[in-house]
Amino acid sequence: MIIVGVDGSVASRAAVEWAAGDAALRHVPLRIVHVVDTSWYQVGKPPGAALPDTLLRGGRQVLTEAEALARERQPAVEATTELVTGSPADVLRERAGDAAELVTGSRGLGGFAGALVGSVSMHLAGHVHCPVVVVHAAHLPAQGEVVVGVDDSPECEPALAFAYEEAELRGATLRAVHAWQLPVHAYAPDLDFDMDEVRAARLQVVRDRLKTLGRDHPGVSVVEDVRSAHPVDALIAAAERADLVVVGSHGRGALGSALLGSVSRNVLQHARCPVAVVRA
Ligand SMILES: Nc1ncnc2c1ncn2[C@@H]1O[C@H](COP(=O)(O)OP(=O)(O)OP(=O)(O)O)[C@@H](O)[C@H]1O
Ligand SMILES: [Mg+2]
């Protein structure tokens, strides 16, 4: 099952359309969830006090609209709705426990003016174990390409597997981007090395990662894209011509305390196309 969180915002409508489309491709049902945060109302009231129906009425309307949109776009998909009270991030995280995929909008109705990705979506991308797809509000034309970020850590393998799947479902090309940079030194060490050799070694990293998974998806054509650039710059540039960018939640440089690696976080914020974060 694919779960989509809706709050009535433009980006969450885009998320519904994306989720319904993916549910159609995967032949799985779609569950549309709206969480009504009643904590502000319950402050100072005895636990278990009844909630006035007016608190839930708007939520029902959000769900009715989202369901109608899903049915209009993908009539063949079995779509159901669920209204829950609680904290949006906690409820969606819990619901995602037995889902194949969780889809959200990049922004919602709240947040501060300059935020690129809202706190609910950021929290989910940092915690949920199934793939989390974050969809921006802008409607972009189909490009026929899925981009995946590949590094030299095994953590990117689940992301690669998900990207292969999506490329196959969409009949899209898979662009495997591996960006690398020489470390920056104030006084460069006087080492003698061959740049072509470094480049060839990097390409081999990508080839090795792609080879094993590629056997399960022989129909997918793959572009190996090795660039000397910062991975965030490389992935955002590639995203301009992609229908989806897939990243792992962490890479080689993972800080133990960070829930999301800096590449994943920045791609999530700055790519214009939908971004999938896939946890190892
Ligand atoms: N109450 C909710 N119920 C279901 N899904 C929600 C809810 N709130 C947010 N979402 C999902 O998360 C997405 C991003 O919204 P989010 O709340 O993170 O951003 P925001 O409202 O702009 O800022 P803030 O973090 O301050 O609330 C929405 O597009 C929607 O998919
Ligand atoms: Mg919000």
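Here goes a summary of the coordinates provided. Predicted model, so just to flag it, every value in this text is computed and none were measured.

Here is what the cut-offs are and how they apply
- Every chain's residues receive numbers from 1 upward, in the order its sequence appears when written.
- All chains are assigned letters beginning at A, and all ligands numbers beginning at 1, according to the order in which they are written.
- Restriction of local features to residues with pLDDT of at least 70 applies here, the model being predicted, together with a cutoff of 80 or more for giving and counting side-chain atom pairs; totals for whole chains, interfaces and linings are based on all residues.
- Hydrogen atoms and water are omitted, and side-chain values are computed over all heavy atoms in the structure.
- What counts as a helix is a DSSP run of H or I of at least four residues, what counts as a strand is a run of E of at least two, and both are numbered from the N terminus.
- Only C-alpha atoms enter the radius of gyration; for comparison, a globular chain is expected to reach 2.2 Å times N to the power 0.38, where N is the number of residues.
- Categorising residues by exposure relies on relative accessible area from a 1.4 Å probe, with only protein chains included: less than 20% of the type maximum marks a residue as buried, more than 50% marks it as exposed, and the intermediate range marks it as partly exposed.
- Residues count as neighbours in contact if any of their non-hydrogen atoms are within 4.5 Å of one another.
- Here the open area of atoms and residues is found with the Shrake-Rupley method and a 1.4 Å probe, where only the protein chains shown may cover a residue.
- The rule for a residue being near a molecule or strand is that one of its heavy atoms must lie within 4 Å of it.
- Polar contacts here mean pairs of N or O atoms no more than 3.5 Å apart (in protein, one a potential hydrogen donor and the other a potential acceptor; neighbouring residues in sequence count only if both atoms are side-chain atoms).
- Classification convention: Asp, Glu, Lys, Arg as charged; Ala, Val, Leu, Ile, Met, Phe, Trp, Tyr, Cys, Pro as nonpolar; all other residues, Gly among them, as polar.
- Salt bridges are identified by distance alone: a Lys or Arg side-chain nitrogen within 4 Å of an Asp or Glu carboxyl oxygen.
- Like-charged residues within 9 Å of one another, or nonpolar side chains (Val, Leu, Ile, Met, Phe, Trp, Tyr) within 5 Å, are grouped into patches, provided each residue has over 30% relative accessible area and no salt bridge.

Each helix and strand counted, the chain has nine helices and 10 strands in total. Against the globule reference of 19 Å for 280 residues, the chain gives a C-alpha radius of gyration of 21 Å, in line with a compact fold. Seen through its principal axes, the chain has C-alpha atoms that stretch 75 × 45 × 30 Å. The buried share among the 280 residues of the chain stands at 45%. Within the chain, contacts between residues at least 6 apart in sequence are counted, and of these 78% link residues at least 24 apart. When the accessible area of the chain is evaluated, it comes to approximately 14,000 Å², of which 54% is carbon and sulfur surface.

Here the focus is the site of ligand 1. Looking at ligand 1, there are 21 residues lining it, with Gly5, Val35, Arg107, Gly110 and Ser119 nearest. Leu109 is positioned with one of its backbone polar atoms (N or O) 3.3 Å from an oxygen atom of ligand 1. In this structure, Ser119 approaches ligand 1 through a side-chain N or O atom, which is 2.4 Å from an oxygen atom. Burial of ligand 1 by the protein amounts to 88% of the accessible area it has alone, namely 610 Å². Listed by contribution, the elements that provide at least two residues to the shell around ligand 1 are strand E2 (30–36), helix H4 (88–95), strand E4 (101–105) and helix H5 (119–127). Per-class residue counts for the shell around ligand 1 are seven nonpolar, 12 polar and two charged.

Glancing now at the pattern of salt bridges. The tally for this structure, following the rule as stated, stands at 21 salt bridges. A salt bridge links Glu101 to Arg26; the nearest nitrogen and oxygen atoms lie 3.4 Å apart. You can see Glu101 sitting in strand E4 and its partner Arg26 sitting in helix H1 (residues 10–26), a full 75 residues away along the chain. Its relative accessible area of 1% is what places Glu101 among the buried residues. The exposure class of Arg26 is partly exposed, given its relative accessible area of 22%. The salt bridge involving Asp53 is made with Arg57; its shortest N-O contact spans 3.8 Å. Several salt bridges converge on common partners, so that one network encompasses Asp22, Arg26, Glu101, Glu165, Glu166 and Arg170.

What follows deals with a nonpolar patch on the surface. On the surface, a nonpolar cluster with roughly 380 Å² of combined accessible area is contributed by Leu182, Leu191, Phe193 and Met195. Among the structural elements, Phe193 can be located in the loop between strand E7 (173–180) and helix H7 (195–214). Look at Phe193 and you get partly exposed, because its relative accessible area is 45%.

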